[in-house]
Amino acid sequence: MKLIFEIWRQESPDHKGQFKTYEVNNLDTNMSFLEALDVLNEQLLREKKEEPVAFDYDCREGICGMCSLVINGEPHGPLQGVTTCQLHLRSFKDSERITVEPWRAKSFPIVRDLVTDRSAFDRIISSGGYISVNTGSAGDANAIPIEKAKADQAFDVAACIGCGACVATCKNSSAMLFVAAKVTHLSALKQGEVEKEERVLKMMTSHDMEGFGSCSQTKSCEAVCPKNISTAAITALNREYLRAAVKKPQALS
Amino acid sequence: MNLDGKIPKGALADKWSSHKFQMSLLAPAQKRHYKILVVGTGLAGASAAATLAELGYQVEAFCFQDSPRRAHSIAAQGGINACKNYQGDGDSVRRLFYDTIKGGDFRSREANVYRLAEESQNIIDQAVAQGVPFARDYGGFLDNRSFGGAQVSRTFYAKGQTGQQLLLGAYSALQRQVARGGVKLHTRTELLDIVVDHDEVKGIITRNLVSGKINRFAGHAVVLATGGYGNVFYLSTNALGSNVTATYRAYLRGAGFANPCFTQIHPTCIPVKGNYQSKLTLMSESLRNDGRVWVPKSGDPSRNPSQIAEEDRDYYLERIYPSFGNLVPRDIASRKAKEMCDAGKGVGPGGLGVYLDFSDAISRLGEKTMGERYGNLFDMYRQITGENPYKTPMRIYPAVHYTMGGLWVDYNLMSNIRGLHVIGEANFSDHGSNRLGASALMQGLADGYFILPYTISHYLASHKPTLTPLDNNLFNRVESQVTAKIRSLLSIGGSRSPHEFHRELGKIMWNYCGMSRTTEGLRSAIAKIQQLKQDFWQDLYIPGSAGTFNQTLESAGRVADFLSFGELMCQDALAREESCGGHFREEHQTSAGEAKRDDQKFAHVAVWQHVNQDRGSSGVKGDEMRPIKTKRHTEKLEFNEVQLTSRSYK
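Just so it is clear, the model here is predicted, and its values are computed rather than measured. (Residues numbered from 1 in each chain as written. Chains lettered and ligands numbered in written order. Predicted model: local features only at pLDDT ≥ 70, side-chain atom pairs only at ≥ 80, totals over all residues.)

**Student:** Any chance you could break down the environment of D94(A) for me, citing the residues and the numbers?
**Tutor:** Residue and element names in this part refer to chain A. By the element assignment, D94 lies in the loop between strand 4 (74–75) and strand 5 (96–101). Residue classification places D94 among the exposed positions, given that 10 C-beta atoms sit within 10 Å. Separated by 92 residues in the primary sequence, D94 and K2 place their C-alpha atoms 5.6 Å from one another. Contacts of D94, omitting those with residues within four sequence positions, involve M1 and K2. (Helix = DSSP H or I, 4+ residues; strand = E, 2+ residues; numbered from the N terminus. Buried ≥ 20, exposed ≤ 12 C-beta atoms within 10 Å, placed from the backbone. Contact = placed C-beta atoms within 7 Å.)

**Student:** Which residues make up the environment of H207(A), and what are the values?
**Tutor:** Residue and element names in this part refer to chain A. Here H207 lies in helix 6 (residues 196–209). Take H207: there are 23 C-beta atoms within 10 Å of it, and that puts it in the buried class. Considering only alpha carbons, one finds H207 and I125, 82 residues apart in sequence, at a separation of 9.6 Å. Ignoring sequence-local partners within four residues, the contact set of H207 consists of I124, A175, V179 and F212.

**Student:** Quick rundown of unusual backbone geometry? Include the residues and the values.
**Tutor:** All names here are of chain A. Here K48, not a glycine, exhibits a phi torsion of approximately 55°, which is positive. Overall, the presence of 11 C-beta atoms within 10 Å leaves K48 in the exposed class. Look at S173: it is not a glycine, yet its phi comes out positive at around 50°. Summarising the element assignment, S173 is placed in the loop between helix 4 (165–169) and helix 5 (176–187).

**Student:** Please provide a residue-by-residue account of the pairing of strand 11 (residues 263–269) of chain B, values included.
**Tutor:** Residues and elements named next belong to chain B. Across the seven residues of strand 11, seven count as buried, placing the element largely inside the fold. Where strand 11 meets strand 15 (residues 394–403), five bridges bridge the pair, whose relative direction is antiparallel. From the neighbouring strand, Q264 faces strand 15, where its bridge partner is Y402. (Pairing = 2+ DSSP bridges.)

**Student:** Any chance you could break down the pairing of strand 1 (residues 35–39) of chain B for me, citing the residues and the numbers?
**Tutor:** Consecutive side chains along a regular strand alternate between the two faces of the sheet. Residues and elements named next belong to chain B. With five of its five residues buried, strand 1 lies for the most part within the structure. Of the two faces of strand 1, the one lined by K35, L37 and V39 and the one lined by I36 and V38 are each fully buried. Note that strand 1 and strand 2 (residues 58–62) share five bridges and pair parallel. Within the sheet, the bridge partner assigned to I36 lies in strand 2 and is V59.

**Student:** Give a description of the packing of helix 7 (residues 245–252) of chain B against helix 15 (residues 551–575) of chain B that names residues and reports values.
**Tutor:** Residue and element names in this part refer to chain B. Here helix 7 crosses helix 15 at 55°, and the two axes come no closer than 10 Å. By the angle class used here, helix 7 and helix 15 are oblique. Read as a crossing pair, helix 7 and helix 15 show a hand that is left-handed. Between helix 7, through T245, Y248 and R249, and helix 15, the contact on the second element is made entirely by G557, R558, D561, S564 and F565. Partitioned by chemical class, the residues of the contact of helix 7 with helix 15 number two nonpolar, three polar and three charged. (Axes fitted to C-alpha atoms, helices over the stretch in contact; angles between N-to-C directions. Parallel < 35°, antiparallel > 145°, perpendicular 65-115°, else oblique. Left-handed = near helix turned anticlockwise from the far one by under 90°. Nonpolar A, V, L, I, M, F, W, Y, C, P; charged D, E, K, R; others polar.)

Just distances and angles here, no functional claims.
Rendered as structure tokens:
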């Protein structure tokens, strides 16, 4: 199998970037997309003309959230509910031209080529995406029963891998699906209730300060989320935010 | 080499509690004068860094990924053991202790394992309080399952994503401390060496993977939570970035490396597809509850399985182990699959696979029930292979999964270098020669949340809060060696990529130091690795420079360490003249082909010391190319509470 890649190359944030075309032959339909890029990089190393393409990866089993890539205009490529590392070449046609771009959002500055800096997500979590419990102060785990439906609901949103596809696809570069996933995960549980209002206000303030845009409900994030997190979480986030802003306006300043 | 395990005196059940009382404490106002460097942010590192910051220490945390949340603990599927006995089925601290020490084939310390079992209960409380969404029953209470053949249901789980949920809990605790100023976080940062003075750790040298800048950090204590070294085999279920560099470079500075040959090979992974393959994916062990393992008895194994008649199939596990059948322990299931493939009966591309067939279960239970039980695994399999396991049998093959060996630590989780603590998979202490399912998460979190914070305070209490100045000669010297090594790597100017060498090393390790090992094979592996190391240092090619984001350079440094470390693993496997747990020496088996332990000679921890601690990591090409120089020490394992027995599954 042969593929023609149009890949975004950019040496550093200070350099101007451009698309470059690479043809890779002898690929196998059972390869993952990232393995095809590995093959391209080995080819570039053999030719010694250009440096290999920089891209992020780690677990290669769809859970660490490190891989990214906008493939033919879609974050994580054409399949639903799948990260780039779990996308395989059988999803493409022989001799197909494939554009590969980094996540494009002001809040995710380019590091090199296809690698971006997503530390804004860590800072949003730092602002309040936790339950304040020091090690050792927890009571018995079964002391507070949690309705199964609620626990399942919390799990569904807690499955977020923090990859940033939601931001990459959004015309407003909004990270509200990411924030909503954490806010609704913790507020669904009794343990998370105490800090519920403060959490949503702090996290949204941090979200806005990082330069992410607002949600205008096009639901494109839901369509590309590799963990199928629903925009229902954003609706719930808005509701929680409104309630908290009325109850604790002082926390907004 | 001083290998005093510092096991507290007294009855087994009282050791930890009396030790906690006897250890020195630091007053709250004193703690802020001490700095602790925590390297790695997986379950062990993140939980330790967060807890130490909560206590008031100054903490700096380091990870090579772009966020602490990416650490490979995130990929753990099955669950976490804890002897809560919520199911009232007879579990207890003592039972979890016994299962773990027996599962490890009696090659771990009684006192450490007992403490692990005790602390397991606190972990669940802590995680639930953090909002970890464990599975619950309809009454709202926590659900448990039995895992890995355990006779009690003690495994807590969050679907097949338990590691992810626990790590996100620890990560959120860590990020909370980052916001409070308790933890300073350094992402995309790799440890390249540690600074030691008279057997005491003084700091670390790191490389910023974005700018290439080499930095110095001084600390009163250093914690390595850098995970396992399964990637020495190139292909494993580990994340691609997982590496041995931190622990190996600590070893080069004098830390003892314990039982490096103890590796866990998991029987149910998706087989290799081709030479381009970058990693192997685990399929949960639970599949063996309803799947039957077989290979064709004879004939061309590559023919379509639907054309192979029932009487031409060899259900070899059921045949050899009639009482346990398909549910034999991991190491046995793995070894038998290899034997079948070695005998030319392997299925799928390259003949490296056996069938795991669900057709009996599907006709008994129906596709719907099977989908409810294993739907996500079947989907994942279909995604990767393009084959439908409802219609055609899965192909599986063993893959490297976990490494029980690691840096030697005493009861306080401190290595033989004072102040250098090692936690989680990076140390050797709790799993002996075989780890039980759902025990890795338990150990990482017990170390980080509940053990290290006590023991490190005890260490610091006997130290003055003065830091070694960064312009001290000690730092100058180590940093110059680190930069020399990078320069040496970049200047080779050969023709082959680090991946090529890594792949080749992986093949040697897999063939000779994998599921089955022999004297002859290990000797030839050592010679092959020494040759490969020569080739590496003469024919490596790295483009670009040291001062940029350079993934080829990152990988070259890690492969260089894997090459020397592979040699060490083979030496350890060669010296251990017995079979135990995941370590199977063909010379040491019963007439029935089962592992034969030698408790007379080998009921000990093998601890390897690097000879010439100063020159070993000089960064000079000529030094780096040389065969490793080692010395083997032992720490005797005393068993007072359990009786050493041999395992049988027939």
